[in-house]
Structure formats: structure tokens, C-alpha cells
Amino acid sequence: MPISRLLIRRTLAYTTGGTLLLAGAGYMYLNSGPIYPASTKETRRPPPPWTPPSRAEMIAKLQASDASNPGVISNSNRGNKAGSITTSPEDGDEFDLLIVGGGATGAGVAVDAASRGLKVALVERDDFSAGTSSKSTKLVHGGVRYLQKAVMELDYEQYKLVCEALHERKIFLETAPYLSSMLPIMLPIYKYWQVPYYYAGCKMYDILAGKENMEKSYIMTKGRALETFPMLKSEGLVGALVYYDGQHNDSRMNVALIMTAVKQGAVVANYCEVTDLHKDASGKLTGARVKDGLSGKEWNVKAKGVINATGPFSDALLKLDNPSHQAIVQPSSGIHITLPNYYSPRKMGLLDPATSDGRVIFFLPWQGNTIAGTTDTPANVEREPTATEDDIRWVLEEVRRYLSPDIKVRRGMFLGLVRNHMIHLSESGLLTIAGGKWTTYRAMAEETVDRAVEAFGLARKAGKCVTESLRLVGSDGWSRNMFIGLIQTYGMETEVAKHLSESYGDRAWTVCSLAEQTGESWPLHGKRLYPAYPFIEAEVRYAVRHEYAQTAIDVLARRTRLSFLNARAAFESLPRVVDIMSEELGWSYTERKKQIRDAVSFLKSMGLDPGYLAHIPEPEPRGYLEKAERALWRTGTGFLNIFGVGGVVSKEKVLGRSRFEAGELVALRAAFEKRASGADGNGKVRKDEVLEVLGDVPGYEGVLRKDYAYVLEEAGFGDRVDVDFDEFVEISGNLKEVSVVPSAPVTKQKRMRIPVEKSGGGV
């Protein structure tokens, strides 16, 4: 055969192979990324109605699991005794599994077990997602940091963790599409050598994701980075690298898991605490003693197996099982602060993997605001953790380092606040699942239930795990265009309709059916709780009737996210929320007052200015009895205050943007003129004397020198020798926003580094 003909055939083969390879690669690229549910005619109309059992019915089922509970009739001796609980034949049987803890892990385990056909009970001491599950970074991520550690330290465990998380990320976005979405995240680059380093790392991240990758990472020029993220500091910026991860609404996701478990047949109850564990003669667990935190009643729950899914509180239940237990949880915390939406673009986040003390900091657009925060600070286990002033200042300082100098970052703008998992089976049969993160909740639940089936002899009853394809409540009839149907059917604002669609999925139709008419020409339905946010009054009723909300905090913090987004807005909305819930739950005047006080205390932990505590609203009395009760209470309080034994009235001021209290400008002028150099009172004060002058004005005693230096630089007075009165007032107003002094001194703690594998939420 002539060589020329051979070359032609070889060239043709190479050309054909290359073309096919290029076409295949192009096809895979064009079809990569997340799969969105298709819009159909079914998504234009409401899904079949579904009303879950009430909390009272759930508690009755819990009580019916043990025939020794008062009022419960055993299977062998049923009758029609007055006051007894009516049960079906299987109700008297014990549960297969009793899950303690209603956070991400516990709810995930309940969904997995119930969908396999097991009889499941779940109890939660507080509200569902009241703990760390509602205070996450909101990211659904594989873990860029874990990949870095796996490569740099040749750590195979970290590598496996990243691979598992990337797989679970895809499942997460497909089983709860209305609660999660992909989010591009920018890594700003300020050193040329970091360009190939970050690029190689993100490309490896893409390759590990394989066909489950969202979008390919890419490099941005300096100009494009500033165009996309105009708030970014341009000085020294080389460029940026963008990669993709997921984002979700954590507490809404937790509630969706709980409701999915209920739809699968699980029995759930919030505000029910396990006070004791029951064991048989051989020392094996047979159930638990449960106390209703709302009514105070107690009863026994019988179960073949008990699962401890209490997160950071795991050691408490383990000690209840074995008093000599040694702690296995190393708690750490991350602070998240909520800033106005102009701190980040609406469709892109920013992440800095190397801050001043080695931790990660992030800016993420979320629910119309921006959340900024970090992780890896050692912490004690608390039911309502509160960010220290030191932590808040640290985050604000880091924010200032990465934003343009013309963007003011002030304390007054603060609106609100390897994770390998471990499965442990104790000698008594207490199965504990601890650690992990939101992204891998489903895989953790599957592994836990597999272990429970084996340990508690449930193999004959349990089916296979189906949660990889089981879509959560609200997903089946949802599409990204569903909000248009809500607008056309109910005459709602676009912002409100989108919010309902993205928070409730196809259950948004039920929420809208509860919405009252506004009485205006537009919108026709959907009265807002607060003008600046899309939460409506109908959501409060829906939360009580369909999602087991029992307190005002449940609604403001976890069914809606208003307290997280803006503690002040939540404070303003509180009286109306309490009024609506009292209509649904029949609260007395005293209970409504308690709900308001408890909610205000909670909002303080979310960053509410201390000055608001002096103006706690009162519920509006209904009827003569409540009016008489309020009058009697006010008379008693006034009598006590006359003799100095009443409540202390806070004198702290509500500090807001450029807001001065009555008489404050007079005090500032008097202090200024006392030190001013001019005899006519229109002179100037030396820049280095301003803090001394302010020391004579009430409310400015605790201003820090570093805050003063920041305000001077921000206002452009850094090179000035002295300032006049107008400039002095501008500095004073800025200091009020930058430096809000806490009501009690906070001891500064030395920061400790926590390894990545034990971090409490790092990316």
C-alpha cells in the first residue's frame, strides 16, 4: 500500500476521531449544569391539598406507644373508657425508632427511616432547626478548603469527604429545587502568583465533580471583576477567579424535611424534651421519658431503638445514658452578620480564604440582604449563642479590608447575626450521629439508618433507601415560573410571589389561600408584616396550621427569616405576629405579653440595639377582662416604681444612622465650644483632642481609638490638624454608627485555631 494512501487514511481517522471527541465534549458542556424542573400546565394550578396532623394528634400518638401511659388502652384490653386515647390497632405497638433532635441530621434520619417503611417518632426539645441548623453559612458546598488540605497534606480522608459532598450537592439541589440554587463565588486575587494556584485548585474542584458539576470555574480580569463587584477594593487587585457552589435557605429546608417525614408517616413533636432513658433488665434501651415543654405533661415513649441526633448537645444525652461518658463533641462557632444588600451583587458571592488570622470570610447575597461571616472560633455549647462585640468588630474590620474606600462599613449597619461525621453505638444501644454539615445530611442519614436497621434488628421490615430521588414536600408541583401563576390568581406583588414560591414551593398556593385582601387597588392580596420585606401575614397562619409553629420566635426566626435578616424589622413586626398567632392558638393577654418579652430577648441575641429594650410593645387587650388585667398590671407596676422596687428603665439610646437624640446637639456644641480655640465660639478643635471633647458628652465614653481613626480616614480628615463644629458633628454621627457600645463589658478572648476537619462551618 502506498505511503501516501496510508497517511490519508490515518489523517482521516484522526480527523474523524477528533471531531467526534470535540462534538461529545461540546454536547456534555452544553448539557452540564443544574437541571431545572420543566414548567407544565400542572405548575400553573394548586397541587392536591394536604393538611398534616396537628401537634395534639402527634402527642397522642407518642403517648399511645406505651400502654403504661395514663389514658392509653392496650391492644389486649380496648374499650370505650372515658378520657382515653382512641388508637388504631398498631398504635399500641412500640416505635421502631425514636429520634431525639429535630435539626438537619435528625430530620434527615426521620425522612430516610420513614420512607423505608419504619415506624418513626421524632422529638425536639426546642423548635425544629432552633439550634445550629438555622445558623449555617447557607452554602451547599463540596469544600474548597478540604480539597486544599487533601492536596497539601496528601490526606485521603479529606479527599473522600470532598467527593462525597460534591455528589450530595447535586442530590440536594434536585430534591429541594425551590429551596436551593447554584451561586457563583468570586475569589479576589491580589498576588500574581496566586492566579495559577487558585486556577489549578478550582479546576481540580470541577474535575472531581465530573458530570455533577454545576458550571465551569473561570478567571476574571481586574476590570471585569470590578464591573461585577464594584464594591471591591481596586488597589492591588490583579483579577479574580469564579467557581460555583450551591446556596439554600437552611431553616426552611429543615422544616421541609420535617414535613416530608410527616407525609411519609413519621410522628414528630417540637418542644418535647427527653428527661430520662428507659432500659430493660439487660441494660438495653427500650424507650424514653418525654416532657412537653409547653404543657408540662410527661409520658413514656416505647421504641426498639433510640437515635441521638442532638448535634452540639450530643454529650448531654450520652451522659444521661452513661454518667461516666467522656465528651466527644468539640464545639466551634462562626459569626454571621447581616448587612444591607448593596455590600454584594445580587447574583454573586465573595470568599477570602486567607484573612488576617487564617480563617475564611465570606460575603453572600441571601434573601435580599448580604451575610458576611467566618468560622472556626472555639465556643461553649449554648441554646441561644450571642455574638461577642469582639467577633462583630473582627468581621467588620475584615469587610473593610476588601471593599472600596468609598464604601462605609459601620457597626450601626449590623442588622442581625473536616466536618467528618461520626456514628457511635453505646453498650445500651444508644445510636449517636454527630458532626457533618448541611450538604451531606442525606448521606449521614442513610448511613445512620443502615446502622440502626442492623443494630436493632429491623432488616425484615426496612426497605431500601430511596432518599436520592425522594423530592421534599413542595417540590413536585414547583417550577421557576410558578410565581407567575400566584400573581395572576391572587393579585400579589411580584416580589412577594417570588418569595413565597422560593420558600414554600407548591405549598405557596396554600399560603396564598390564607392571605387576606389588602383593600387596595394593587396588590389585591398579601399584607406585608414589614414594608421592606416580602413576608406576609398569611405565612404566620400557615406556620401555625401546617408547620407546628408554637411561639412568635418560631415564626420570626425559622418559618420566616425576618429576625436573621433584620432584627429591628422583626421587632417592629412582633406585635402583629403575636396578634395573629393568638387568634390561631387562643393565647390569653398574659401569654401574649410573655411571647413578646421572650421574642425581644431572642432578638437581642440576633443583634437588636439595646435601646429598643426600653420600648417593649404591649399587646392590645381584647374584651373587658383583658382591659381590666392590663389596668391592674399597670397600677401595680406604677406603685412599685414609686418605692423604687419596680423594673429598671433602660436609659440606653436607640442608635441609628445619623440620628441624634433631643438635646444631644446642644451637648455636643457646649463641649466643642468649651475646648474651641476661637473666642467667638466658631473656632476649631485639634484633631487629637476630639476624643477628649466627646468624653464629656454622655453616650460617647466608650468610643475606641481605632474606631475614631477609621472614621477620620473614612471622612477624609486623616491629614487635618483640626476640625470645625460641622466637621465635629459629622465625626460624632459617624462614631455613633461605627461604635455601638454593648450594654455590658465583654472580656476579649484569645483566639484559638481549630483544624479544618473540626471546623464548625468553614468552606
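Residues numbered from 1 in each chain as written. Predicted model: local features only at pLDDT ≥ 70, side-chain atom pairs only at ≥ 80, totals over all residues. Heavy atoms only, no water.

Draft legend 1. Representation of empty space enclosed by the protein within the structure. Its volume calculated, the largest cavity comes out at about 120 Å³. Contributing to the lining of the largest cavity are 15 residues, with Met259, Val473, Arg507, Tyr542 and Glu547 lying nearest its centre. Elements represented by at least two residues in the lining of the largest cavity include exactly helix H8 (250-263), helix H13 (494-504) and helix H15 (537-546). If one sorts the elements of the lining of the largest cavity by residue count, H8 sits on top with four residues. Its residues assigned to classes, the lining of the largest cavity comprises nine nonpolar, three polar and three charged. In this model, the second largest cavity occupies a volume close to 80 Å³. Along the walls of the second largest cavity sit Gly108, Val111, Asp112, Thr175, Leu257, Tyr441, Arg442, Ala445, Thr467, Leu470 and Leu472, which together make up its complete lining. (1 Å grid on protein atoms, 1.4 Å probe; cavity = no way out; pocket = protein on both sides within 12 Å on 5 of 7 lines; lining within 4 Å. Points joined across faces, edges and corners; volume = space filled by probe spheres on them. Helix = DSSP H or I, 4+ residues; strand = E, 2+ residues; numbered from the N terminus. Nonpolar A, V, L, I, M, F, W, Y, C, P; charged D, E, K, R; others polar.)

Draft legend 2. Focus on the confidence of the model for the chain. When pLDDT is averaged along the chain, the result is 80, and 78% of the positions lie at 70 or above. Note that residues 73-91 has pLDDT below 50 and, in this model, 21 contacts with residues that lie over four places away or in other chains. Low pLDDT, under 50, characterises residues 643-658; the stretch is placed with 27 contacts to residues that sit more than four places away or in other chains. (pLDDT = per-residue confidence, 0-100. Contact = heavy atoms within 4.5 Å.)

Draft legend 3. Local environment of the side chain of Arg507. Locating Arg507 in the fold gives a position in the loop between H13 and helix H14 (508-513). If we skip the residues at most four places from it in the chain, Arg507 touches Pro47, Pro48, Trp50, Val473, Gly474 and Tyr542.

Draft legend 4. Geometry of the pattern of salt bridges. Summed over all chains, the structure comprises 37 salt bridges. Lys138 is paired through a salt bridge with Asp250; the nearest N and O atoms lie 2.7 Å apart. Of this pair, Lys138 sits in the loop between strand E2 (120-124) and strand E3 (139-140) while Asp250 is found in helix H8, placing the two residues 112 residues apart along the sequence. Comparing Lys138 with Asp250 shows no difference in burial state: the two are buried. The partner of Arg576 in a salt bridge is Glu537, with the nearest N and O atoms 3.0 Å apart. With a gap of 39 residues between them, Arg576 in helix H18 (residues 567-585) and Glu537 in helix H15 connect regions that are remote in the sequence. In this structure Arg576 comes out as partly exposed when scored by relative accessible area, which is 29%. (Salt bridge = Lys/Arg side-chain N within 4 Å of Asp/Glu carboxyl O. Buried < 20%, exposed > 50% of the residue type's maximum accessible area, 1.4 Å probe, protein only.)

Draft legend 5. Quick look at the nonpolar core. Leu62, Leu98, Leu118, Val268 and Leu500 are the most contacted members of the largest nonpolar core, which totals 93 residues. Per-element accounting of this core gives the leading share, eight residues, to H8. Ignoring anything within four residues of it in the chain, the contact list for Leu98 reads Ala121, Val123, Ala288, Val301, Ala303, Gly305, Val306 and Ile307. One finds Tyr205, Leu529, Leu574 and Phe602 within the second-largest nonpolar core, a separate group that totals 56 residues. (Core = buried A, V, L, I, M, F, W, Y, C linked by side-chain atoms within 4.5 Å.)

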